[in-house]
Amino acid sequence: MSVAMAEGRPSLAERAYQVLCDRLVTLKIAPGSPINDEQVAAELGVGRTPVREALKRLEVDRLVVAFPRRGTFASEVQITDLGHLTEVRLRLEPLAADCAARRAGARDRAVLTELLAELDAIAGGEVDQLIDLDLRLHRALYAATANPFLSDTLVRYDNLATRIWCLFLDRLPGLAGHVDEHGPLVRAVLAGDGERAAGLAEEHVRRFEAAIRSLL
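Everything in this summary refers to the structure shown in the same document. (Residues numbered from 1 in each chain as written. Predicted model: local features only at pLDDT ≥ 70, side-chain atom pairs only at ≥ 80, totals over all residues. Heavy atoms only, no water.)

### Focus: the overall build of the protein
Within the protein one finds eleven helices and three strands. Counting from the amino terminus, the protein carries its helices and strands in the arrangement α-α-β-α-α-β-β-α-α-α-α-α-α-α. Taking 216 residues into account, the globule formula puts the C-alpha radius of gyration at 17 Å, and the protein, at 18 Å, falls close to it. Overall, the protein is about 50 × 45 × 30 Å in size when its C-alpha atoms are taken along their principal axes. Expressed as a percentage of the 216 residues in the protein, the buried residues total 45%. For the protein, the exposed surface amounts to about 11,400 Å²; the carbon and sulfur share of it is 52%. Distance between charge centroids for the protein: 4 Å, based on 27 positive and 32 negative side chains. (Helix = DSSP H or I, 4+ residues; strand = E, 2+ residues; numbered from the N terminus. Rg over C-alpha atoms; globule rule 2.2 N^0.38 Å. Buried < 20%, exposed > 50% of the residue type's maximum accessible area, 1.4 Å probe, protein only. Areas by Shrake-Rupley, 256 points an atom, 1.4 Å probe, with all protein chains shown as cover. Lys, Arg positive; Asp, Glu negative; His and termini not counted. Charge placed at Lys NZ, Arg CZ, Asp CG, Glu CD.)

### Some words on the sheet that holds strand β2 (residues 64-67)
If you walk across this open sheet you meet the three strands as β1-β3-β2, and the pairing is antiparallel. Looking along the sheet, the strands with just one partner apiece sit at the ends: β1 (34-35) and β2. Where β2 lies against strand β3 (residues 71-74), four bridges are found, and the strand directions are antiparallel. Bridge assignment links Val 64 to a residue of β3, and that residue is Ala 74. Against the sheet, helix α4 (residues 48-60) engages β1, β2 and β3, with an angle of about 110 degrees to β2. (Pairing = 2+ DSSP bridges. Contact = heavy atoms within 4.5 Å. Axes fitted to C-alpha atoms, helices over the stretch in contact; angles between N-to-C directions.)

### Brief notes about the nonpolar core
Core analysis: the largest hydrophobic core is formed by 59 residues, its most contacted members being Leu 24, Val 51, Leu 58, Leu 112 and Leu 185. Element by element, the count of residues in this core is highest for helix α7 (residues 127-143), at seven residues. (Core = buried A, V, L, I, M, F, W, Y, C linked by side-chain atoms within 4.5 Å.)

### Focus on the packing of helix α6 (residues 106-121) against α7
Contact geometry for α6 and α7: axes closest at 10 Å, N-to-C directions at 155 degrees. In terms of axis orientation, α6 runs roughly antiparallel to α7. Both α6 and α7 take part in a crossing whose hand is left-handed. Of the residues in α7, those touching α6 at Asp 108, Val 111, Leu 112, Leu 115, Glu 118 and Leu 119 are Leu 133, Arg 136, Leu 137, Ala 140, Leu 141 and Ala 143. (Parallel < 35°, antiparallel > 145°, perpendicular 65-115°, else oblique. Left-handed = near helix turned anticlockwise from the far one by under 90°.)

### Description of the side chain of Ser 151
Structurally, the position occupied by Ser 151 is in helix α8 (residues 148-167). Those residues in contact with Ser 151, other than ones at most four positions away along the chain, are Tyr 142, Ala 143 and Thr 145.

### So, the environment of Glu 43
Relative to the helices and strands, Glu 43 resides in helix α3 (residues 37-44). Overall, Glu 43 belongs to the partly exposed group, its relative accessible area being 48%. At 2.7 Å, the side chain of Glu 43 and the side chain of Arg 23 are in polar contact. (Polar contact = N/O pair within 3.5 Å; in protein donor to acceptor, adjacent residues only side chain to side chain.)

### A word on α3
Within the span of α3, buried status applies to Asp 37, Val 40, Ala 41 and Leu 44. Along the axis of α3, the buried positions cluster into a sector of 100 degrees, meaning they face one direction only. Exposed side of α3, more than 90 degrees from the buried face: Gln 39 and Ala 42 are the residues found there. Its buried side turned inward, α3 meets α2 (12-25), β1 and α4. Two or three places before Glu 38, at the start of α3, stands the capping residue Asn 36, its side-chain oxygen 2.9 Å from that residue's backbone nitrogen. Among the residues trailing α3, Gly 45 stands out with phi positive, at a value near 70 degrees. (Arc of directions from axis to C-beta.)

Structure follows, in structure tokens:
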């Protein structure tokens, strides 16, 4: 085991993955844009090998596509995926919320409490701040399930759903309100109320899809 892993620090490949993933999810790397591994490596101060490893993971996540002799590109956002994503998330998000309410450990509870305080303080925040907080809230809730398979699966689907959300940001009203919906959900998890948490998670997913479909 490396020193970085032993101390809980991400590997170079993991760091490259995290940076690229968040840029792709929030469309800071626009759909269809080429991704130059040499340029990314220079920007992050790492070798090309960690970046290539990260890109392979991102291809599995459907965030990038690689073409022989052409290179790697940010995948297009497929609006037609919305129904498929909702179908899966309506089953798994309530399950995750219930599991988090029943299993959240001391560290999970501390993280969620900090995020809840941040949520209460961010009213009227900038768009980038709200999106970043939304992603961190979801990931913290998934981590609190104590089920790495459920968590990993939901992170991938939430990433794809967030790309659709970001595509419509300039036309979606009430961004802060959408993020604020996490407040009651997090409080239900911290209170150990799995049934209420599951119900709020389901409602959140349904409202998300309804908001997007209203613009189609």
